[in-house]
Amino acid sequence: MVLYTTPFPNSCLSALHCVSWALIFPCYWLVDRLAASFIPTTYEKRQRADDPCCLQLLCTALFTPIYLALLVASLPFAFLGFLFWSPLQSARRPYIYSRLEDKGLASGAALLSEWKGTGPGKSFCFATANVCLLPDSLARVNNLFNTQARAKEIGQRIRNGAARPQIKIYIDSPTNTSISAASFSSLVSPQGGDGVARAVPGSIKRTASVEYKDDGGRHPSDEAANGPASGDPADGSSPEDACIVRISGEEGGRPPEAEDPAPGGQARNGAGGGPRDQTPNHNQRDGDSGSLGSPSASRESLVKGRAGPDTGAGGEPGANSKLLYKASMVKKAAARRRRHPDEAFDHEVSAFFPANLDFLCLQEVFDKRAATKLKDQLHGYFEYILYDVGVYGCQGCCSFKCLNSGLLFASRYPIMDVAYHCYPNRCNDDALASKGALFLKVQVGSTPQDQRIVGYIACTHLHAPQEDSAIRCGQLDLLQDWLADFRKSTSSSSAANPEELVAFDVVCGDFNFDNCSSDDKLEQQHSLFTHYRDPCRLGPGEEKPWAIGTLLDTNGLYDEDVCTPDNLQKVLESEEGRREYLAFPTSKSSGQKGRKELLKGNGRRIDYMLHAEEGLCPDWKAEVEEFSFITQLSGLTDHLPVAMRLMVSSGEEEA
């Protein structure tokens, strides 16, 4: 299949579209700024309360007449541009495909190794998030602002979190020796060449001394630890070869004191240089681990450590050196990653996106300029990106659409086939956006017999108004039909001569209904959940005890208790914190909106990650290895991202 790298089939139409949009944009921007000036966020209200001179109100009063005059002047040009823009949408393609030609600039590309379908199996990591990148005036309805700066910061945080190296934890104790899988939590890695400790993922079950080294006995490089956060291109090494942390249990759970380091060898928690170009509410504070380059490391998700480096000539670490770390806070960090007695996988609330993230599905990337900024940041890790997905005008549906679907997909693996469908059954404000479903087929490897190993991913965003259950159920019906049609149309295999082996089939996105509201019973019982498994769900209307809501209470987005990833992580680990800062379902019949103290459960989980257990290669099975709720985008969106790691293995390997 040919993937579209431009929105129009020829340069003439593209040029005409650019001219028409240039005529429309001044009017669009002025309307957005005017509306935004009258919809303050809670952060801006607090600033105004601290402003005795009312300077912000004076600026609004001064610039409003100017904006109005410019708006009136721009209307004729906008009308002329619209006359050209609207008919052009019938020739517009439903997405733009972007591939980073220089793989050295995408740190995620260096992590990949060709999977042959043999060996101990292969894990694939998926994440989904609603990032609310609407035009600024519309984003303010959800108490968010500065869409362009948020887009850049969101991309940086996702990239930095995913680029962390993955490690394995070996636990030595008199009673138990086990290996912990790659964790979403974090430790402090050995020092890089600049003498600064680096944050890397890890999970430890008891307080212990930690011996850190990689598979080759060398220290991980600064580039491998920081990924694109340092701005340096990947050097072609393979950080996916997991580093090893060896933990020796001590009696009483107390770690031994580390030996005094050599002079000048003191390690620091975190690296200097916070992210630039941030809006005021995105400033890194003490304990903020949202960006790995924050001035101070997390108080609990990062392990305090000291190290005495064995340096050779030129200050480079020695090949056989070992670093001992004092892990006085490991027990608290390990408590974040739990396994329920009846669960076969780990789950946690994490302050970071998972390391070695393979696939990313985003919703509500509506603003085109913000989408470009986000795409540029994500290309620092993902090689393949689809953005500006959807249709405009009257194309595809009878209603006029001002916004695209808001879907964005990023992948470390090559994309083979793409399909997009717009939901025809929409009403109210949702009818102005071309909400739909994006279907993708990716190649994740090949067998020694030259059979392609592929996976299927679907990303969607359903109808928003909570009272329209019938519309959402109709969209779920369409989603199931489109899933089957896409599998059938893109499959080149037959039962007698299979050319492809399917490793996974995943559906994710913002479904706009939860599994605990009495008003969402219709969607909870939909047949989609019989074909795809929800790791957080026991059955219709019944959640697993560890599952939490993904929709935040917008009134508290800028509270000090939740304004950083670490703070939000700690708040969500307590029932009291969840009731304070998560959105809870309200019944139409009760008439008690906002009475959170009367509600049970852990909030509205409307962002889903589902996977199929059938329809895969007959000799393989995909099982959930880890599931996490992520707080790294605190202050940047009103949703919690969710992530899932699938382990694909064959029955023969397990036997």
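Residues numbered from 1 in each chain as written. Predicted model: local features only at pLDDT ≥ 70, side-chain atom pairs only at ≥ 80, totals over all residues. Heavy atoms only, no water.

1. Re the nonpolar core
Counting residues in hydrophobic clusters, the biggest one holds 93 residues, and the most contacted among them are Phe 126, Phe 359, Phe 409, Ile 415 and Phe 504. Setting aside anything within four residues of it in sequence, one finds Ile 415 in contact with Leu 3, Tyr 97, Tyr 384, Leu 386, Phe 409, Leu 440, Lys 441 and Val 442. Ranked by size, the runner-up nonpolar core spans 30 residues in total, among them Ala 129, Phe 382, Ile 630 and Leu 633. (Core = buried A, V, L, I, M, F, W, Y, C linked by side-chain atoms within 4.5 Å. Buried < 20%, exposed > 50% of the residue type's maximum accessible area, 1.4 Å probe, protein only. Contact = heavy atoms within 4.5 Å.)

2. Digging into the UniProt feature "transmembrane region" (unreviewed entry) in the protein chain
In the numbering used here, UniProt assigns the feature "transmembrane region" (unreviewed entry) to residues 12-31 and 66-85. The span residues 12-31 is 100% helix and 0% strand, and its two end C-alpha atoms sit 29 Å from each other. Span residues 66-85 is 100% helix and 0% strand, its end C-alpha atoms 27 Å apart. (UniProt positions renumbered as here; feature names shortened; annotations may be inferred. Helix = DSSP H or I, 4+ residues; strand = E, 2+ residues; numbered from the N terminus.)

3. Some details on the packing of helix α5 (residues 147-162) against helix α8 (residues 368-378)
α8 packs onto α5 with a crossing angle of 20° between their chain directions and a minimal axis gap of 8 Å. If you check the angle between α5 and α8, you find them roughly parallel. Read as a crossing pair, α5 and α8 show a hand that is right-handed. Contact residues: Thr 147, Gln 148, Ala 151, Lys 152, Ile 154, Gly 155, Gln 156, Ile 158 and Arg 159 in α5; Arg 369, Ala 370, Lys 373, Leu 374, Gln 377 and Leu 378 in α8. Residue classes in the contact of α5 with α8 are distributed as six nonpolar, five polar and four charged. (Axes fitted to C-alpha atoms, helices over the stretch in contact; angles between N-to-C directions. Parallel < 35°, antiparallel > 145°, perpendicular 65-115°, else oblique. Left-handed = near helix turned anticlockwise from the far one by under 90°. Nonpolar A, V, L, I, M, F, W, Y, C, P; charged D, E, K, R; others polar.)

4. Regarding the pattern of salt bridges
If you walk through the whole model with that rule in mind, you get 23 salt bridges. The closest approach of N and O atoms between Asp 136 and Arg 33, which form a salt bridge, is 3.0 Å. Note that Asp 136 is positioned in helix α4 (residues 136-139) and Arg 33 in helix α1 (residues 11-37), a separation of 103 residues in sequence. Note that Asp 520 and Arg 604 form a salt bridge whose closest N and O atoms lie 3.5 Å from each other. (Salt bridge = Lys/Arg side-chain N within 4 Å of Asp/Glu carboxyl O.)

5. Focus on the environment of Leu 386
Take Leu 386: it is sitting in strand β13 (residues 384-387). Considering only alpha carbons, one finds Leu 386 and Ala 410, 24 residues apart in sequence, at a separation of 6.4 Å. Look past the residues within four positions of Leu 386 in its chain and what remains in contact with it is Tyr 95, Ile 96, Tyr 97, Leu 407, Leu 408, Phe 409, Ile 415, Val 418, Leu 438 and Leu 440.

6. What about unusual backbone geometry?
With a phi close to 55°, Asn 356 is a non-glycine residue in the positive phi region. The topology assignment puts Asn 356 in the loop between β11 (346-350) and β12 (359-365). Of note in the backbone geometry, Asn 512 takes a positive phi value of approximately 60° without being a glycine. Residue position: Asn 512 is located in the loop between β18 (500-510) and α10 (521-524).

7. Topic: the side chain of Ser 74
Along the chain, the position of Ser 74 falls in helix α3 (residues 55-88). In this structure Ser 74 comes out as buried when scored by relative accessible area, which is 8%. At a separation of 2.9 Å, a polar atom in the side chain of Ser 74 contacts the main-chain carbonyl oxygen of Leu 71. Setting aside its immediate chain neighbours within four residues, Ser 74 contacts Pro 26, Cys 27 and Leu 30. (Polar contact = N/O pair within 3.5 Å; in protein donor to acceptor, adjacent residues only side chain to side chain.)

8. Details of the packing of aromatic side chains
Taken as a whole and judged by the stated rule, the model has 36 aromatic pairs. Summarising the aromatic geometry, the rings of Phe 359 and Phe 504 are spaced 5.7 Å apart at their centres and angled 55° between planes, so their arrangement reads as tilted. With a gap of 145 residues between them, Phe 359 in strand β12 and Phe 504 in strand β18 connect regions that are remote in the sequence. Residue Phe 504 is classed as buried on the basis of its relative accessible area of 1%. Measuring from ring centre to ring centre gives 6.1 Å for Phe 529 and Tyr 608, while their planes differ by 55°; the resulting arrangement is tilted. On the criterion of sequence distance, the pair formed by Phe 529 in helix α11 (residues 528-531) and Tyr 608 in strand β22 (residues 607-612) is long-range, its members being 79 residues apart. Tyr 608 gets classed as buried once you look at its relative accessible area, which sits at 1%. Among the aromatic residues, those joined into a cluster by ring pairs are Trp 115, Phe 124, Phe 126, Phe 359, Phe 409, Tyr 413, Phe 504 and Trp 620. The ring of Trp 21 has Lys 368 lying over it, and the distance from NZ or CZ to the ring centre is 5.5 Å. Over the ring of Phe 529 we find Arg 537, and its NZ or CZ is 4.2 Å from the ring centre. (Phe/Tyr/Trp six-rings, centres within 6.5 Å; stacked < 30°, edge-to-face > 60°. Lys NZ or Arg CZ within 6 Å of the ring centre and 35° of its normal.)

9. A word on the sheet that holds β22
Pairing in this open sheet of six strands is mixed, and the strands run β15-β16-β17-β18-β22-β19 from one edge to the other. Edge positions in the open sheet fall to β15 (415-422) and β19 (532-533), since each of these has one partner strand only. Taken together, the seven bridges between β15 and strand β16 (residues 436-446) define a ladder with antiparallel strand orientation. Each residue of the ladder has a partner; that of Ala 419, found in β16, is Phe 439. Along the sheet face, helix α9 (residues 469-490) touches β15, β16, β17 (452-461), β18 and β19 and points at about 35° away from the line of β16. (Pairing = 2+ DSSP bridges.)

10. Side note on the environment of Leu 408
Tracing the backbone shows Leu 408 in strand β14 (residues 408-411). By relative accessible area, Leu 408 is classed as buried at 0%. Considering only alpha carbons, one finds Leu 408 and Thr 460, 52 residues apart in sequence, at a separation of 10.0 Å.

11. Regarding the packing of α1 against α3
Axes are the key here: two packed helices are described by the angle between their axes and the distance separating the axes. Two elements in contact, α1 and α3, have axes separated by 7 Å at closest approach and are oriented at 150°. The orientation of α1 with respect to α3, classified from their angle, is roughly antiparallel. α1 and α3 meet at a crossing whose hand is left-handed. Tallied by class, the residues present in the contact of α1 with α3 amount to 23 nonpolar, seven polar and one charged.

12. Brief notes about the pairing of strand β24 (residues 642-650)
Residues in a regular strand project their side chains so that they alternate between the two faces of the sheet. Counting buried residues in β24 gives eight out of nine residues, a clear majority hidden from the surface. With seven bridges joining them, strand β2 (residues 122-133) and β24 adopt antiparallel strand pairing. The residue of β24 that forms the bridge with Thr 128 is Val 642.

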